[in-house]
Amino acid sequence: MMPASVRPGFLVSIEGGEGAGKSTVREALQHSLAARGLEVVLTREPGGTVAGEAIRQLLLDPSGKLAAETELLLMFAARAQLVREVVQPAIARGAAVLTDRFTDASFAYQGGGRGISMGIIAELERWAALIKPDLTFLLDVGVEVGLSRARSRGAELDRIESEQLDFFERVRATYRTRAEAEPTRFRVVDAAQSPALVSGEVVRLLSDWLDARA
Ligand code: Z5A
C-alpha cells in the first residue's frame, strides 16, 4: 500500500449502517472541501466505474442469490477497478477523494454480518484495494432507528437491506470495534442527532483534520 505521507491527495470515506445519513453528510463534506479550493472527486461503493456500477446491480438485486464468498469477491472486484481507474489517479494529481463506503464496509458486512474471516478480508484489502482511507467518518446510530429511517423512504429493499436485525447489529458492532482499534483514522459521530448537527460536527472534524495535515 502507498504510505499516506507520500500521497499528494487523500481519501476520505463515509461509513455507517442503513439510514445513518451518509447522503446528507456527503454533501456537507463535498462543499467544505471545495471551499478550501480542493478538487473533489465523489464516488461510492460498490460502484463508481462502469464495471463497478454493473457489479452493484448484481450485488443489490433483491431477487438475486449470492453466496457470502461471491458477495465478498464482487465487492472487491468493484473496489479493485475503482481504485485503479479513479482513486489512485485522483490522489496522484492532488485531489480529495470522498467515497460513500470503502473497505471498512467489507469488514463490517461480509466479516461481521456474514461471518467471513477478517484475515481473508485483510489479505484482499492488501492485494486488491491497495489503499486505506486517510480519514473515515463512522456515522453511528442504533440499528432500529437507522432501519426505520431507511425503510420510511418507501423504496423497494435491496438484497442486503432485506437482512434481519441481528445481521445489522453485528455490522454495527464490527464498525465500532474497528473505530476503537484505529482512533487516528476514524471519527465516530452520533448520527442519532438532527441532520444539521451531524453535518456541522462532521464539517468541524474535517476542518480540524485538514488544518493538522497542512
Ligand atoms: N456493502 C457491503 O456489504 N460491503 C461493502 O464492501 C460495501 C457495501 C462497499 C449499498 O450501500 C449496500 O452495500 C449497503 C452496504 C453494502 N447495504 N445495505 N443494506 P449504499 O451505501 O449504497 O446503501 P445504503 O447503506 O443502504 O444507504 P442508505 O440506507 O441510503 O444509507 P444512508 O445513505 O446513510 O442514508 P440517507 O439516504 O442519507 O438517509 C436515509 C433516510 O434517513 C433519508 O430519508 C434521510 O432524509 C433520513 N435521515 C438522514 N439523516 C437523518 C437524521 N440525522 N435524522 C433523521 N433522519 C435522517
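Peer 1: Pulling in residues and values, what's your account of the overall build of the chain?
Peer 2: Helix and strand counts for the chain come out as eight helices and five strands. When the helices and strands of the chain are placed in sequence order, the string is β-α-β-α-α-β-α-α-β-α-α-β-α. Relative to a compact globule of 214 residues, whose C-alpha radius of gyration would be 17 Å, the chain shows 16 Å and is just as compact. Counting only C-alpha atoms and orienting by the principal axes, one finds that the chain spans roughly 45 × 40 × 30 Å. A total of 214 residues make up the chain; the buried ones form 49% of that total. Within the chain, contacts between residues separated by at least 24 positions form 79% of all contacts whose residues are at least 6 apart in sequence.

Peer 1: Give a description of the environment of E163 that names residues and reports values.
Peer 2: Looking at the element boundaries, E163 is found in the loop between α6 (143-151) and α7 (165-181). A residue is classified by how much of its surface remains accessible, and E163, at 26% relative accessible area, is partly exposed. Among all residues touching E163, those that are not within four sequence positions of it are R114, R151 and F168. A polar contact is formed between the side chain of E163 and the side chain of R114, at a distance of 2.7 Å.

Peer 1: Run through the packing of helix α4 (residues 103-113) against α7, naming residues and quoting values.
Peer 2: At a minimum axis distance of 8 Å, the contact between α4 and α7 shows a crossing angle of 135 degrees. In terms of axis orientation, α4 runs oblique to α7. Where α4 crosses over α7, the two elements pack in a sense that is right-handed. Each of D104, A105, F107, A108, Y109, G112 and G113 in α4 lies in contact with α7, whose residues at this interface are F167, F168, R170, V171, T174, Y175 and R178.

Peer 1: Before we move on, could you go through the site of the ligand and cite the residues and values that matter?
Peer 2: Close contacts around the ligand come from 28 residues, with E18, R56, R101, S106 and R153 the closest. Between the ligand and the protein, one listed contact pairs an oxygen atom with a side-chain N or O atom of K22 at 2.7 Å. One of the side-chain N or O atoms of R153 is found 2.5 Å from an oxygen atom in the ligand. Protein contacts shield 84% of the accessible area of the ligand, which totals 1000 Å² for the unbound molecule. Elements that contribute at least two residues to the shell around the ligand include exactly α1 (22-35), α2 (50-60), α3 (68-92), α4 and α6. Element by element, the count of residues in the shell around the ligand is highest for α4, at four residues. For the shell around the ligand, the per-class residue count stands at 10 nonpolar, eight polar and 10 charged.

What counts and how
- Residues numbered from 1 in each chain as written.
- Predicted model: local features only at pLDDT ≥ 70, side-chain atom pairs only at ≥ 80, totals over all residues.
- Heavy atoms only, no water.
- Helix = DSSP H or I, 4+ residues; strand = E, 2+ residues; numbered from the N terminus.
- Rg over C-alpha atoms; globule rule 2.2 N^0.38 Å.
- Buried < 20%, exposed > 50% of the residue type's maximum accessible area, 1.4 Å probe, protein only.
- Contact = heavy atoms within 4.5 Å.
- Polar contact = N/O pair within 3.5 Å; in protein donor to acceptor, adjacent residues only side chain to side chain.
- Axes fitted to C-alpha atoms, helices over the stretch in contact; angles between N-to-C directions.
- Parallel < 35°, antiparallel > 145°, perpendicular 65-115°, else oblique.
- Left-handed = near helix turned anticlockwise from the far one by under 90°.
- Near = heavy atom within 4 Å.
- Areas by Shrake-Rupley, 256 points an atom, 1.4 Å probe, with all protein chains shown as cover.
- Nonpolar A, V, L, I, M, F, W, Y, C, P; charged D, E, K, R; others polar.

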